[in-house]
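Chains, contacts and geometry: an overview
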Amino acid sequence: MSFQVLGSTRVLGPDGSALNIGPRRQRELLTLLLLRPGVAVPVDRLAEELWNGRPPPGARSTLHAYLSGLRRVLEPGRRAPYRVLTTRDDSYALEVPAGRLDTTRWHALAEAGRAASAAGAFDRADELLRGALALWTGDPFAELVDHEVAQAERARLAEEHTALLEEAAECRLALGAHASVIGDLMALVREYPLRERPRAQLALALYRSGRQAEALAVLEAGRRLCAEELGLDPGPRLRDLQAAILRQDPMLVAPDRPPAPASVCSARRNLMAARPHRPCPHRGSPHRRR
């Protein structure tokens, strides 16, 4: 079996088909266990989390019924001792083998992609990062959208997802595939208007596509936004890029490499869990050809 939580919770059987994991509360309980795979969680704590701090009378009995229902799905026909949904004293843990949870695969692909990018292996990095982004099907831990216990992890994953979209766009720019990322970066700038990196990437992609006026408009919009919302000037990344575009710096020319065919970013980024997260502008150096 494999488990998916980068979107609605799903359990896939050995043949790849989705299993019916039961009613809403039972799905929420499974997702709570997947929030901490392999960690034994006491029954009383599970009840508090499942009912958001307000467990009803008879919550323990209801919880045990949900646990039994999950066991019938995960280990049909099996009796104790269970191997997947295990019992430890008055606690329960979901044992997920390595590589069988999509968040684990996501982190492995993202780490390998970043390492390849840092080594200048942009074709390989592009492949790995697109593989990681393809695992997202919606809001992470979507079953727990109203559960306080999952909010920190949901926000952390959403931030990592946004950063990975930026890293993937950087690879595509390094491959000379600037035209393929313009639409993706426009959407990212709309969602996170104060993030400097995607704004700079978008301006560079537009400039390399012969759209200098639009590139400068993107940078000017960022300058106004920083002034109006933060009372700050944009960081060196945007200031230096604007100056380089105005003087048509030859260092901004795209690498002489054929673009790969696929776009880096999935349209599913609009399903990310973080809502109106607007960090202060990230400062860095302008893009330069390597």
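Just so we're clear, the structure is a prediction, and the values are computed from it rather than from any experiment.

**Re the pattern of salt bridges**
- Taken as a whole and judged by the stated rule, the model has 22 salt bridges.
- For R25, the salt bridge identified is with E28, shortest N-O distance 3.1 Å. Taken as a pair, R25 and E28 lie in helix α1 (residues 24–35) at a separation of 3 residues, close to a single helical turn.
- A salt bridge links E159 to R195; the shortest N-O distance between them is 3.0 Å. Within this pair, whereas E159 is found in helix α6 (residues 151–174), its partner R195 is found in the loop between α7 (182–191) and α8 (196–208), the two being separated by 36 residues in sequence.
- Its relative accessible area of 28% is what places E159 among the partly exposed residues.
- Residue classification places R195 among the buried residues on the basis of a relative accessible area of 9%.

**Remarks on the sheet that holds strand β4 (residues 85–88)**
- Strand order in this open sheet of 3 strands is β3-β5-β4, and the pairing throughout is antiparallel. The outermost strands of the open sheet, each flanked by one partner alone, are β3 (41–42) and β4.
- Sheet topology note: the β3/strand β5 (residues 91–94) ladder contains 2 bridges and is antiparallel. Looking at β5, one finds that P42 is bridged to S91.

**What to know about the packing of helix α9 (residues 212–230) against helix α10 (residues 236–246)**
- Packing of α9 against α10 leaves a shortest axis separation of 10 Å and a crossing angle of 155 degrees. On the basis of the axis angle, α9 is roughly antiparallel to α10. The element α9 and its partner α10 pack so that their crossing is left-handed. Residue-level inspection shows Q212, A215, L216, L219 and E220 of α9 in contact with α10, the latter providing L238, L241, Q242, I245 and L246.
- Partitioned by chemical class, the residues of the contact of α9 with α10 number 7 nonpolar, 2 polar and 1 charged.

**Quick word on the pairing of β5**
- Burial along β5 is two-sided: the face carrying S91 and A93 and the face carrying Y92 and L94 are both buried.
- The sheet contact formed by β4 and β5 spans 4 bridges and is antiparallel. Of the residues in β5, the one forming a bridge with L85 is L94.

**A few points about α6**
- Between its terminal C-alpha atoms α6 stretches 35 Å, which fits the 34 Å expected from 24 residues at 1.5 Å a residue.
- At the exit of α6 stands G176, carrying a positive phi of roughly 80 degrees.

**Regarding the packing of helix α5 (residues 122–133) against α6**
- Packing of α5 against α6 leaves a shortest axis separation of 9 Å and a crossing angle of 150 degrees. One element, α5, and the other, α6, form an angle in the roughly antiparallel class. The two elements α5 and α6 cross, and the hand of that crossing is left-handed. Contact with α5, carried on its side by F122, A125, D126, L129, A132 and L133, involves H161, L164, L165, E167, A168, C171, R172 and A174 of α6 and no other residues of that element.
- When grouped by side-chain class, the residues that make up the contact of α5 with α6 number 10 nonpolar, 1 polar and 3 charged.

What counts and how
Within each chain, residue numbers correspond to sequence positions counted from 1 in written order. Where local features are concerned, this predicted model is filtered to residues with pLDDT of at least 70; where side-chain atom pairs are given and counted, the filter is 80 or more; whole-chain, interface and lining totals use all residues. Excluding hydrogens and water, the side-chain values take into account all heavy atoms of the structure. For this document, the term salt bridge refers to a Lys or Arg side-chain nitrogen within 4 Å of an Asp or Glu carboxyl oxygen. In this description a helix means any DSSP run of H or I spanning at least four residues, a strand means any run of E spanning at least two, and both kinds are numbered starting from the N terminus. For every residue, the accessible area obtained with a 1.4 Å probe (protein chains only) is divided by the maximum for its type, and the residue is called buried under 20%, exposed over 50%, and partly exposed between those limits. Should DSSP find at least two bridges between two strands, the strands are regarded as paired. Helix axes are fitted only over the stretch in contact, all axes being lines through C-alpha atoms; the angle between N-to-C directions runs from 0 to 180 degrees. In these notes the angle categories are as follows: under 35 degrees is roughly parallel, over 145 is roughly antiparallel, 65 to 115 is roughly perpendicular, and the rest is oblique. Less than a right angle of anticlockwise turn of the near helix away from the far helix marks a crossing as left-handed, whereas a clockwise turn marks it as right-handed. Two residues qualify as a contact provided that any one of their heavy atoms is within 4.5 Å of a heavy atom in the partner residue. Any residue that is not Ala, Val, Leu, Ile, Met, Phe, Trp, Tyr, Cys, Pro, Asp, Glu, Lys or Arg is counted as polar, Gly included; the first ten are nonpolar and the last four charged. How far a helix is expected to stretch is found by multiplying one less than its residue total by 1.5 Å.

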